[in-house]
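One-letter residues, chain by chain:
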Amino acid sequence: MLNLKLELEKVSSVVIAGHIRPDGDCVGSCLGLYLYIKKNFPKIGTVDVYLEKIPDSMHFLKDSDQISQEYPDRPPYDLFLALDSGDTQRLGEAVKYFTEAKRTICIDHHISNKGFADENYIVPEASSTSELVYGLLDPALLTKEMAEALYMGIAHDTGVFQYSCCSPKTMEIAGKLMAMGIDFSGIVDRTFYQKSYLQVQILGRALLESMMLFDGRCIVSVIRNKEMQFYGVTPADLDGIVSQLRSTRGVEVAIFMYESNVQEYKVSMRSNSFVDVSKVASYFGGGGHVRAAGCTMQGSMHDVVNNLTRQIEKQFEQETQQ
Ligand code: 5GP
Ligand code: MN
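Residues numbered from 1 in each chain as written. Chains lettered and ligands numbered in written order. Predicted model: local features only at pLDDT ≥ 70, side-chain atom pairs only at ≥ 80, totals over all residues. Heavy atoms only, no water.

Novice: Help me get a handle on the packing of helix α5 (residues 144-157) against helix α6 (residues 168-178), residues and values and all.
Specialist: Where α5 meets α6, the closest approach of the two axes is 9 Å, and the angle between their N-to-C directions is 150°. Like other packed secondary-structure pairs, α5 and α6 cross with a definite hand, here left-handed. Seen from α5, the contacting residues are A147, L150, Y151 and I154; seen from α6, they are T170, I173, A174, L177 and M178. For the contact of α5 with α6, a count of residues per class yields eight nonpolar, one polar and no charged. (Axes fitted to C-alpha atoms, helices over the stretch in contact; angles between N-to-C directions. Helix = DSSP H or I, 4+ residues; strand = E, 2+ residues; numbered from the N terminus. Left-handed = near helix turned anticlockwise from the far one by under 90°. Contact = heavy atoms within 4.5 Å. Nonpolar A, V, L, I, M, F, W, Y, C, P; charged D, E, K, R; others polar.)

Encoded structure:
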């Protein structure tokens, strides 16, 4: 297993980066680790954290204002820590620091991760990268602020301790973080459940316009660019729509996609019990987990839906043959 303490004792500059369009686990694991290194490794002169814009609701986290969204040219870092990213493309602009860094470490739980760093700590069974980060730290050196970040990450990636990736170990860790006096219900309510009125409206629209395929085993919903413009929403406002689709009775696979460019769609998939959506996403150049995955696809909306459902149908057929 990765010995993070040993790695950190050898370096004097560290960079932490997560994936593009950062989600709760990405933000929680990056900030939790950032706070831990800053506090417990004073000999490391430079600790930087790079992430794309994070949701406003996560700004309560300590040092969220220290996250850099600009990527200036600078001397190579001694150590690059890649968190919650399945491949180097997902690192976005921070990839340039990855390429230059003297040493690189990847900490991740995506099944599609092939191990792109010098040292790879990839545990697909783990609920979240935040859970993995917790396991690498000395619990005696954790502060309440670090606990808030890591708890948020675990709560988000488990759908608030609901998905099958949530294990007894996950709950034990969450319990220990809870015991540090964090406002656990407030964190979940404000960062996971609460939506702006615009988000509620676009969710309603997506549900209303959804369609059922394969006798109700697959639900699909698409938001076009003109609809996003009409409601005045950004891609970040569409988070959570696919989870809502997934909870429709009888559905095995939920697909949500939005037009990310001309003839280009960002696809999110969720499954309930047997379809491996990571396999489908990887087939189209994306990745993720068995029950939650995504990719970006080119073509018309109908082409994209057809191509996706053809792959999903194969898995439905395999299941009926068994
Ligand atoms: P979401 O649907 O919430 O955007 O993503 C679900 C899961 O799939 C997340 O763990 C996310 O990291 C992963 N994922 C989503 N889109 C992509 C993609 O384009 N490439 C890769 N490698 N993973 C993705
Ligand atoms: Mn994650």
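Novice: Explain the site of ligand 1 residue by residue, including any values.
Specialist: Taken together, 14 residues lie around ligand 1, and R90, H110, K266, S268 and R270 are the ones closest in. Here an oxygen atom of ligand 1 sits 2.8 Å away from a polar atom, N or O, in the side chain of R270. Notes on ligand 1: free accessible area 490 Å², of which the protein chains cover 83%. Listing elements by their share of the shell around ligand 1, those giving two or more residues are β9 (264-271), β10 (287-288) and β11 (292-298). (Near = heavy atom within 4 Å. Polar contact = N/O pair within 3.5 Å; in protein donor to acceptor, adjacent residues only side chain to side chain. Areas by Shrake-Rupley, 256 points an atom, 1.4 Å probe, with all protein chains shown as cover.)

Novice: Break down the nonpolar core for me, citing the residues and quoting the values.
Specialist: Residues V14, I16, L33, I37, L81, I107 and L177 are the most contacted members of the largest nonpolar core, which totals 54 residues. With nine residues, helix α2 (residues 24-40) is the single largest residue contributor to this core. The residues contacting L33, other than those within four sequence positions of it, are L4, I16, L81, L83, V133 and L137. Among the nonpolar cores identified, the runner-up in size contains 22 residues, and C218, I255, M297 and L308 belong to it. (Core = buried A, V, L, I, M, F, W, Y, C linked by side-chain atoms within 4.5 Å. Buried < 20%, exposed > 50% of the residue type's maximum accessible area, 1.4 Å probe, protein only.)

Novice: Describe the coordination of the manganese ion (ligand 2), listing the residues and the values that go with them.
Specialist: Summarising the metal site, the manganese ion (ligand 2) is bound by the protein donors D25 (OD), D84 (OD), H109 (NE2) and D157 (OD), whose distances to it range over 2.2 to 2.3 Å. Ordering the donors of the manganese ion (ligand 2) by residue number gives the pattern D-x58-D-x24-H-x47-D. Highlighted residues: D84 in the loop between β3 (79-83) and α3 (95-100) and H109 in the loop between β4 (103-108) and β5 (119-122), separated in sequence by 25 residues. As far as the burial class goes, D84 and H109 line up, both buried. (Donors = N, O, S within 2.8 Å, 3.2 Å for Na, K, Ca; no water.)

Novice: Before we move on, can you summarise the environment of G28 with the specific residues and values?
Specialist: With respect to the helices and strands, G28 occurs in helix α2. Separated by 223 residues in the primary sequence, G28 and V251 have C-alpha atoms spaced 30 Å apart. Once you skip the residues sitting within four places of it in the chain, G28 turns out to touch S130, A149, L150 and M152.

Novice: An account of the pairing of strand β1 (residues 13-17) is needed here, citing residue identities and associated values.
Specialist: Where burial is concerned, most of β1 is hidden: five out of the five residues are buried. Burial along β1 is two-sided: the face carrying S13, V15 and A17 and the face carrying V14 and I16 are both buried. With five bridges connecting them, β1 and strand β2 (residues 46-50) associate as parallel partners. Looking across to β2, one finds that V15 is bridged to D48. Between the parallel elements β1 and β2, the chain passes through α2 in a crossover that is right-handed. (Pairing = 2+ DSSP bridges. Right-handed = clockwise from strand over helix to strand, strands pointing away.)

Novice: Residues and numbers for the state of the cysteines, please.
Specialist: Each disulfide is one covalent bond, formed between the sulfur atoms of two cysteines. Applying the stated criterion to the full structure yields zero disulfides. Take C30: it sits in no disulfide, and the sulfur closest to it among the cysteines is that of C26, at 4.5 Å. What makes C30 buried here is its relative accessible area of 0%. Left unpaired, C166 is separated from the closest cysteine sulfur, that of C165, by 6.5 Å. The class of C166 is buried, set by a relative accessible area of 18%. (Disulfide = S-S within 2.5 Å.)

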